[in-house]
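Tertiary structure, described
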Amino acid sequence: LFDRAELAPADPILGLTEAFNADARPEKVNLGVGVYLGEDGKLPLMASVREAEERLVAQRKPKSYLGIDGMPAFREAVRGLIFGTEAQVLADARVATVQSLGGTGALKVGADLLHQLDPEATVLISDPSWENHRALFTRAGFKVEAYRYYDPEAKGIDFDGLLEDLRAAEPGTIVVLHACCHNPTGYDLSLEQWDQIVAVLDERGLVPFLDMAYQGFGFGIAEDGAVVAKFVASGQDFLLSTSYSKSFSLYGERIGSLSVVLGSADSAKRVLSQLKITIRTNYSNPPTLGAALVATVLTDPDLRASWETELGGMRSRIKELRQVLVDGLAARGIQDMGFIAGQLGMFSYSGLTKDQMVALRTEHAVYGLDSGRMCVAALNTGNLDRVAGAIASVRSK
Ligand code: LMR
């Protein structure tokens, strides 16, 4: 039987971390995976999260099972964060929310639900998109195609192409959209452009699936989440996956949520019952700690204020790092990469070719994705100079 198992290629993102970990060169820099590192090059434990964890440990609670859909306090807290605590759609009980294993887990539970309801639907993802979107929706059984998004000439969004592709999509097509901090390009739609996208999706009877993994890393928590209210206001059904890996620096706790916004409380009840079956038959119910930490931070006013300040600090530090990188490149004669400073979120879509990215890795121990994506959130004053020098070197070949 197992002779039939072929050797699969390494994951384009996490496989790179494996290669990085095996690299013995002390000067190595991992700009592959989307993880924010502090000035010391280490993963931060946010002060609010540490305090929440200390409080939880002091309670010495026994480790019971959570419900299939997760921790009620967590669900309520994140629904408030995403939709607003006073949102009418919550009061109307029109949102089905489950705790998930990070953003990826939310996408997979949502994909499984959609496939159960409409196995023939096509999924559209942006071109380019997060490397795992195509794989995940393909594995869930869908045909996956792409809509135009990035325009390499303009270093921005091909908005006309995007609208045209959405208008041409069959009703029922599932459209995966990045709510903020587009991964990998770092180019987001303006709110006016979102208005047009929301209207086209509605008119065409498409099924929006918003992926929000970087809330707070663009302009702010409210600003980055603003598109959600636009979808709610449009009255169309949609799905929304969120991740708290980055915004709470809780990567290993695998904590996220999936919400499905529907037209009635009855639909929400039926959808929730199906989501619970998907979860129960995959991993039964989710783990406790990440949910307890997020719920504690979001519901305690002091911890929440501290979290918002710290997240804001990460956001502005990334912007500074972008500028220092651009300046470092300019000082080495690379004048045409100023666009890095204006991109949003953790990534820079550098425009470097696959060969240049491979050369960065093999010759300079600087790890980024073959697509040219680099995680600028992993830069610091200790490695910036080397990275700028390495980029300049591969660009000059
Ligand atoms: C990334 O894009 O690097 C992150 O979302 C981590 C992941 O799971 O790929």
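Since the model is a prediction, treat every value here as computed from it, not as a measurement.

1. Observations concerning the UniProt feature "domain: Aminotransferase class I/classII large" (unreviewed entry) in the chain
The feature "domain: Aminotransferase class I/classII large" (unreviewed entry), as annotated in UniProt, sits at residues 27-391 in this numbering. As a span, residues 27-391 carries 47% helix and 15% strand, and end to end its C-alpha atoms are 15 Å apart.

2. Considering the packing of helix H8 (residues 191-204) against helix H10 (residues 226-234)
Remark: H8 packs on H10, axes separated minimally by 10 Å, with the N-to-C direction vectors making an angle of 35 degrees. Helix-helix and strand crossings are classified by hand; for H8 and H10 the assignment is right-handed. Contacts between H8 and H10 involve Leu191, Trp194, Asp195, Val198 and Asp202 from the first element and Ala226, Val227, Lys230, Phe231 and Ser234 from the second. Here the contact of H8 with H10 is built from residues that sort into 6 nonpolar, 1 polar and 3 charged.

3. Quick notes on unusual backbone geometry
In this structure, the amide linkage connecting Asp127 to the following residue, Pro128, adopts the cis form with an omega of 0 degrees. The topology assignment puts Pro128 in the loop between strand S3 (122-127) and helix H6 (131-139). A cis amide bond links Asn183 with the next residue in sequence, Pro184, at an omega value of 20 degrees. Along the chain, Pro184 turns up in the loop between strand S7 (174-178) and H8. Within the chain, Lys155 stands out as a residue other than glycine whose phi angle is a positive 50 degrees. Here Lys155 lies in the loop between strand S5 (150-151) and strand S6 (156-157). For Lys155, a count of 18 C-beta atoms within 10 Å gives the class partly exposed. Here Ser249, not a glycine, exhibits a phi torsion of approximately 50 degrees, which is positive. Position of Ser249 relative to the elements: it lies in the loop between strand S9 (238-243) and strand S10 (256-261).

4. Comments concerning the sheet that holds strand S8 (residues 207-212)
Here we have 7 strands laid out as an open sheet, ordered S2-S10-S9-S8-S7-S3-S4, and mixed in their pairing. Whereas interior strands pair on both sides, the edge strands pair on one side only; in this sheet they are strand S2 (95-100) and strand S4 (143-148). Strand after strand, the sheet turns through a mean of 20 degrees between neighbouring axes, direction not considered. Pairing of S3 with S4 involves 6 bridges; the strand directions are parallel. Note that in S4 the partner of Val123 across the bridge is Val144.

5. Side note on the domain arrangement of the chain
What the domain assignment lists for the chain is domain 1 (11-45 + 315-395) and domain 2 (66-299). Computed over C-alpha atoms only, the centres of domain 1 and domain 2 are separated by 28 Å. If you tally residues by element for the side of domain 1 that touches domain 2, the top one is strand S11 (residues 347-349), at 3 residues. Its residues assigned to classes, the side of domain 1 that touches domain 2 comprises 13 nonpolar, 6 polar and 2 charged.

Parameters at a glance
- Residues numbered from 1 in each chain as written.
- Predicted model: local features only at pLDDT ≥ 70, side-chain atom pairs only at ≥ 80, totals over all residues.
- UniProt positions renumbered as here; feature names shortened; annotations may be inferred.
- Helix = DSSP H or I, 4+ residues; strand = E, 2+ residues; numbered from the N terminus.
- Axes fitted to C-alpha atoms, helices over the stretch in contact; angles between N-to-C directions.
- Left-handed = near helix turned anticlockwise from the far one by under 90°.
- Contact = placed C-beta atoms within 7 Å.
- Nonpolar A, V, L, I, M, F, W, Y, C, P; charged D, E, K, R; others polar.
- Buried ≥ 20, exposed ≤ 12 C-beta atoms within 10 Å, placed from the backbone.
- Pairing = 2+ DSSP bridges.
- Domains from an automatic or database assignment.

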